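These are the residues of each chain, in order.
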Amino acid sequence: ISPVLEEPIFPRMAVADPAAIDFLSGYILYSLGQCDDAMVVLLPYVEIDLEHAAFFEMLTGTCAMLAGDYDIAIETYEPLAQQTLDQQSPIGIPAALNLAWVYLEVEREEDAISLMNDLVALYREVVGGVSLAQILAKRGEIHALAFNFDAAILDVTEAIEIDPQNPVYYKQRGDHIFLIYEWDRVVDDYYRAIELDPAYADAYF
């Protein structure tokens, strides 16, 4: 599983916004791995509004994560994640998901699972539906990375119950079951994913 579970969400802005070109330039630089240059371009906009600041902080944390500087990543991600939990705002969801991964990397498994539990609880209470299924699937990924495959399978199974037409969840559950060697169940999930999306290359693979 890629260490980048979530990419920064480009902030909403009008094409005519004078900042739009700079934000696009910064994002392109980030995408090319030129994080320092991206930070220089975006820094003047950090205090414009909350969404702009969150975008900048998310880029900062993700650049640190990719560079293996997990202390900086945690320091940057934690306030965004807490803001989401405190204010029931989606703005820090990508940071929270990446933060859970970083926690695993620094052997803070309990913190990773606790954070994901808080996100699932928030989505159960406030959002529900397809979005809840997405968060459950993400928690399943974290469980799997922590080698708790039974919990991972339970999470993705619930995601499937919420959104049974999404082939990605069958593929993901198949991947988790694959790791506990229950081949018949694996085949069933991969076949179901292909049935739902006949062009789903990962499921064929």
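Bear in mind the structure is a predicted one, so any value in this text is a computation, not a measurement. (Residues numbered from 1 in each chain as written. Predicted model: local features only at pLDDT ≥ 70, side-chain atom pairs only at ≥ 80, totals over all residues. Heavy atoms only, no water.)

Q: Tell me about the environment of Y200, and please be specific about residues and values.
A: Mapped onto the elements of the fold, Y200 is located in the loop between α10 (183-196) and α11 (201-204). Exposure remark for Y200: the relative accessible area of 14% places this residue in the buried category. Sequence spacing of Y200 and P167 is 33 residues, and the spatial spacing of their C-alpha atoms is 8.1 Å. (Helix = DSSP H or I, 4+ residues; strand = E, 2+ residues; numbered from the N terminus. Buried < 20%, exposed > 50% of the residue type's maximum accessible area, 1.4 Å probe, protein only.)

Q: Pulling in residues and values, what's your account of the state of the cysteines?
A: As enumerated under the stated definition, the model contains 1 disulfide in all. With its sulfur 2.0 Å from that of its partner, C35 forms a disulfide with C63. Across the S-S bond of C35 and C63 the torsion is about -85°, and the bridge reads as left-handed. In this pair, C35 is assigned in helix α2 (residues 35-42) and C63 in helix α3 (residues 50-66), connecting sequence segments 28 residues apart. Relative accessible area serves as the criterion here: at 11%, C63 is assigned to the buried category. (Disulfide = S-S within 2.5 Å.)

Q: Tell me about the packing of helix α4 (residues 70-87) against helix α5 (residues 93-105), and please be specific about residues and values.
A: Between α4 and α5, the least distance of the axes is 8 Å, while the angle of their chain directions is 140°. As the angle between them shows, α4 and α5 are arranged oblique. Of the two elements, α4 crosses α5, and the hand of that crossing is left-handed. Together, Y70, A73, I74, Y77, E78, L80, A81 and T84 of α4 and I93, A95, A96, N98, L99, W101, V102, Y103 and E105 of α5 make up the contact between the two elements. Of the residues that constitute the contact of α4 with α5, the class distribution is 13 nonpolar, 2 polar and 2 charged. (Axes fitted to C-alpha atoms, helices over the stretch in contact; angles between N-to-C directions. Parallel < 35°, antiparallel > 145°, perpendicular 65-115°, else oblique. Left-handed = near helix turned anticlockwise from the far one by under 90°. Contact = heavy atoms within 4.5 Å. Nonpolar A, V, L, I, M, F, W, Y, C, P; charged D, E, K, R; others polar.)

Q: Report on the pattern of salt bridges, specifying residues and quantitative values.
A: This structure, assessed with the given rule, holds 8 salt bridges. One salt bridge in this structure joins R124 and E158, with 2.6 Å as the shortest N-O distance. On the criterion of sequence distance, the pair formed by R124 in helix α6 (residues 109-127) and E158 in helix α8 (residues 149-162) is long-range, its members being 34 residues apart. According to the relative accessible area criterion, R124 is partly exposed, its value standing at 42%. (Salt bridge = Lys/Arg side-chain N within 4 Å of Asp/Glu carboxyl O.)

Q: Can you break down the packing of helix α7 (residues 129-145) against α8 residue by residue, with the values?
A: Where α7 contacts α8, the two axes come as close as 8 Å, and the packing angle between them is 165°. Our classification of the angle between α7 and α8 gives roughly antiparallel. Our pair here, α7 against α8, has a crossing hand that is left-handed. Seen from α7, the contacting residues are G129, V130, L132, A133, L136, A137, R139, G140, H143 and A144; seen from α8, they are F149, A151, A152, D155, E158, A159 and I162. In the contact of α7 with α8, the residues fall into 11 nonpolar, 3 polar and 3 charged.

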